[in-house]
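As a plain string of letters, each chain reads:
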Protein chains: 2
Amino acid sequence: MGRLPVYQRILEEVLRAGTTTVSSELLGSLARVNAAKVRKDLSMLGSFGTRGAGYDTAFLIEQIDRELGLNHVWPVVIVGIGNLGRALAHSQGFAARGFRVVALLDTDAAIVGESVGDVTVRHLDDLEAIVSEQPLAIGVIATPASAAQRVADLLIEAGVRSLLNFAPKVLTVGPEILLRYVDLSIELQIMSFYQSRMVAPGGDGSMPVIRSIGLTSTGVD
Amino acid sequence: MGRLPVYQRILEEVLRAGTTTVSSELLGSLARVNAAKVRKDLSMLGSFGTRGAGYDTAFLIEQIDRELGLNHVWPVVIVGIGNLGRALAHSQGFAARGFRVVALLDTDAAIVGESVGDVTVRHLDDLEAIVSEQPLAIGVIATPASAAQRVADLLIEAGVRSLLNFAPKVLTVGPEILLRYVDLSIELQIMSFYQSRMVAPGGDGSMPVIRSIGLTSTGVD
DNA sequence: CGATGTGAAATGCTTCACAGCA
DNA sequence: TGCTGTGAAGCATTTCACATCG
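Reference entry: report on the structure contained in this document. Everything numeric here is computed off the predicted structure, so don't read it as measured data.

### Structural notes on the sheet that holds strand β1 (residues 21-22) of chain A
Residue and element names in this part refer to chain A.
Stage number 1. Reading across the sheet, the 3 strands line up as β1-β3-β2 and stay open at both edges, with antiparallel pairing between neighbours. In this open sheet, the two strands that pair with only one neighbour each are β1 and β2 (49-50).
Stage number 2. Across 2 bridges, β2 lies against strand β3 (residues 54-56) in antiparallel orientation. Across the sheet, residue G49 finds its bridge partner in β3, namely Y55.
Stage number 3. Along the sheet, helix α4 (residues 57-68) contacts β1 and β3; its crossing angle with β3, the most-contacted strand, is approximately 75°.

Here you go:
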């Protein structure tokens, strides 16, 4: 369920603001979804809301963590330490959750050896050696498009099962690999699509309400 | 339809490789979706496939461009010129499509005045002046979480209707604003979710096939 | 009373299967 | 013959509405 991480982010902010109880109404309005949908989503993890009151914020966060598999720690490798790779490496989104960046790789001699955060950039050729010490679960591809496919192949060969691709390149991988794209150009096109829909004459002058939010994922067969 | 930009990216790569005709089968396998789904999607733009042959690659690209509103040129502003903002500004994804980065904003005196690409970074306070010369359609927020809400408010006040938020912060905006999140932490959590699903015992030892791909969007009311 | 949890209805999306055309 | 275009069937998701409980 692609909405759970969104709820979780909201709950954390709500909790930090000192609100220890949330209603499906509030959570829904922050996530821009229907309150009934929130309840249905949450009911799949069990039923620990309190009728008349709502959900206990902290407890709900724990439950979602568990459902998302965030009680594991996932070792992450980032390949391509340009501006984007650096931004990703610095992102506290990694550390804050159960993701540990255990390797940064590049092929540029000017970059290899540099320290980003508390990890030293190593050469892509060291991948095999790195994997032999420590398995890698998730590979983040932040290289130029031209290198992306080769990097993907190398990562898969090294045992990585999940790829997050930031390069503007369509990748070909086996069906057993979990692959997601984060593509700025595609994001902008989606916005463009909705915006042109909004501007387009709909008959009356009323503006449709956009409830798009977040990044949804597709299913598992 | 959130899959159109994905098809379009694939078609461009296919065309560059010299293939002037694609079947729904091929397009589907590259996009990791069912061929029937491809045909249904494309049939919504009209019917210009050739039975027995497939679709003309170049023509299809044009049609999708039109559907996505890419015959317009969308003026884009990026706020927050750190590593991420720079990466976004340099991304050829902008220039290649109908998106023109017309302004880069920051509040750091050490950054304001710097040139990134062929655009000079200006101070966030200049926003009003910039808008008076030229309207802005899409705002990209690449600031730290702490600044994101304020920036969003300022952009909306300046007439921006669509926001693409890279900051790890839940934003509160009016219902008339199109808002999308690109959140690394959320992306990783989604991968984590699917991966733990794959690893989790499903009864037999067989691995489910993951066909997740791309960034889908949600609907318009 | 107020808000959850959940059948049931409504809606939307995906897949099938095949007629129809180049 | 090969592949598109599309009803119709099959699923999944969303929403409604309300019984239920703290």
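### Quick word on the pattern of salt bridges
Stage number 1. Considering all chains together, one arrives at 13 salt bridges over all chains under this definition.
Stage number 2. With a shortest N-O distance of 3.3 Å, A:E13 and B:K169 are connected by a salt bridge. On the criterion of chain membership, the pair formed by A:E13 in helix α1 (residues 4-16) and B:K169 in the loop between β9 (162-165) and β10 (178-181) is interchain, its members lying in two chains.
Stage number 3. Close ionic contact of B:D126 with B:R122 constitutes a salt bridge, the shortest N to O distance being 3.5 Å.
Stage number 4. A residue is classified by how much of its surface remains accessible, and B:D126, at 28% relative accessible area, is partly exposed.

### A short note on the pairing of strand β8 (residues 138-141) of chain B
All names here are of chain B.
Stage number 1. The alternating pattern of β8 places I138 and V140 and G139 and I141 on opposite faces, both of which are buried.
Stage number 2. Where strand β4 (residues 74-79) and β8 come together, 4 bridges link them in parallel fashion. Paired with V77 across the bridge in β8 is G139.
Stage number 3. One ladder, built from 4 bridges, connects β8 with β9; its direction is parallel. Bridge pairing links V140 to L164 in β9.

The rules behind the values
Residues numbered from 1 in each chain as written. Chains lettered and ligands numbered in written order. Predicted model: local features only at pLDDT ≥ 70, side-chain atom pairs only at ≥ 80, totals over all residues. Heavy atoms only, no water. Pairing = 2+ DSSP bridges. Helix = DSSP H or I, 4+ residues; strand = E, 2+ residues; numbered from the N terminus. Contact = heavy atoms within 4.5 Å. Axes fitted to C-alpha atoms, helices over the stretch in contact; angles between N-to-C directions. Salt bridge = Lys/Arg side-chain N within 4 Å of Asp/Glu carboxyl O. Buried < 20%, exposed > 50% of the residue type's maximum accessible area, 1.4 Å probe, protein only.

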